[in-house]
Amino acid sequence: MKLNYFDHNATTRVDDVVMEAMLPYFQHEYGNASSRHALGTAARRAIDKAREQVAAAVGVQPVQVIFTSGGSEANNLFIRGAADSLQPAHMAISAIEHPCVLKPAQALAHRTVGRWTLQRLAVNQRGQIDPAAAREALSTQKAALVSVMLANNETGVIQDVAAIADFARSQDAYVHTDAVQGLGKIPVDFAALNVNAMTLSSHKIYGPKGAAALIVDKRLLLKPLIYGGGHENGLRSGTENVPAIVGFGVACELAKARMLDTAQHVARLRDMLEQGLIGMGAEIFGADAERIPNTTYFALPDVEGDTLVVKLDKMGFAVASGAACSSVNPGQSHVLDAMQVDPLLARCAVRVSLGRSNTQAQIEGFLEATRKIVEALRSMSSLSL
């Protein structure tokens, strides 16, 4: 049975062009980039090129790119690294942040020594932060650190980061955005967003796992999470993962070049998908908000999301019930809770996230498979009454 992959917000297949660029650095150009011999120098040049490619994707200088092992590390580097460079104060993050922002923020708020106060910026029922409401919240208690994601990994809803950042920075706050789900799907410009730091990740844009970056304002003060040989301008020690960093650089270059075509393609498929789902009685979360073009987060009342995911998988369709990184709490979405979605409906949530390889035929097949599953489940439910 052929797999139809509809889970691109969780991860993506490594692009053939990316893989080809990476291969020499596994066996032939295998030097440590800190070594002074020819192999080491070649590795350093490869990292320098990748740094330029990542920087170009979001309009910054290469020196602003700090490579990390993943988006989670990059988010932790900002939250914990910035907090440790400041006196304990107030922090504000959106209520729908990824756990790798939420959890380090919560940890800072529960420390015995150097405790920070933590405020969650509310979203409305469309999954959006109202910039006016955010300004009011930040006026009530001045924040030293603010983090608001660019696009939500579950709903795909896009936040007005620039408007929130403008006000927060006027109060001298450091502002960060997790742009992992935005890169390659919508334009991402560091300066236009007016943030001090931004997180990007390779494996969401057809690059390899194990490479990501924190983009930093040159004025941002951070303390490292990992001490050692002083790699990445002293902010992230450890021998660089050269093949993954090379792949990340190429993936960024491709993502920028292909963004418009990819966005148009997946948006057309998503619209077709949502029309079919609405015809079955589905509710689309965040449908009235601006969203990244590839994401549909829906619920069919009385059909549990986990059940639908398992049955679709058996029919050859890979989808997610909520966020893959939150699979330890199946059926529970803090994003839908923040959007004030009824808990019974939230248990029915399923996420489809499309990519460049998806086709109209796959969407038609998905809708037909979903229809059959829903009819069978509802028939069984009616017989049990």
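Our structure is the block above this text.
These remarks concern the structure in this document. (Residues numbered from 1 in each chain as written. Predicted model: local features only at pLDDT ≥ 70, side-chain atom pairs only at ≥ 80, totals over all residues. Heavy atoms only, no water.)

Turning our eyes to something else, we now look at the environment of Leu-345. Tracing the sequence through the fold places Leu-345 in helix H12 (residues 343-346). On a C-alpha basis, the gap between Leu-345 and Phe-298 in space is 9.6 Å, while along the polypeptide they are 47 residues apart. Contacts of Leu-345, omitting those with residues within four sequence positions, involve Glu-283, Phe-285, Ala-299 and Pro-301. (Helix = DSSP H or I, 4+ residues; strand = E, 2+ residues; numbered from the N terminus. Contact = heavy atoms within 4.5 Å.)

This brings us to the packing of helix H6 (residues 131-140) against helix H7 (residues 161-170). Relative to each other, H6 and H7 sit at 20°, their axes nearing to 9 Å. Judged on the interaxial angle alone, H7 and H6 are roughly parallel. Considering only the axes of H6 and H7, their crossing is right-handed. Contacts between H6 and H7 involve Pro-131, Ala-134, Arg-135, Leu-138 and Ser-139 from the former and Ala-163, Ile-164, Phe-167 and Ala-168 from the latter. (Axes fitted to C-alpha atoms, helices over the stretch in contact; angles between N-to-C directions. Parallel < 35°, antiparallel > 145°, perpendicular 65-115°, else oblique. Left-handed = near helix turned anticlockwise from the far one by under 90°.)

This paragraph deals with the sheet that holds strand E9 (residues 283-284). Pairing is antiparallel across the open sheet formed by three strands, whose spatial order is E9-E10-E12. If you trace the sheet from one side to the other, it starts and ends with E9 and strand E12 (349-353), each paired once. Sheet strands in contact with helix H9 (residues 242-279) are E9, strand E10 (295-299) and E12, and its direction is about 10° off that of E10. (Pairing = 2+ DSSP bridges.)

Before going further, it helps to examine the environment of Ala-82. Mapped onto the elements, Ala-82 comes out in helix H4 (residues 71-84). Separated by 48 residues in sequence, Ala-82 and Ser-34 place their C-alpha atoms 27 Å apart.

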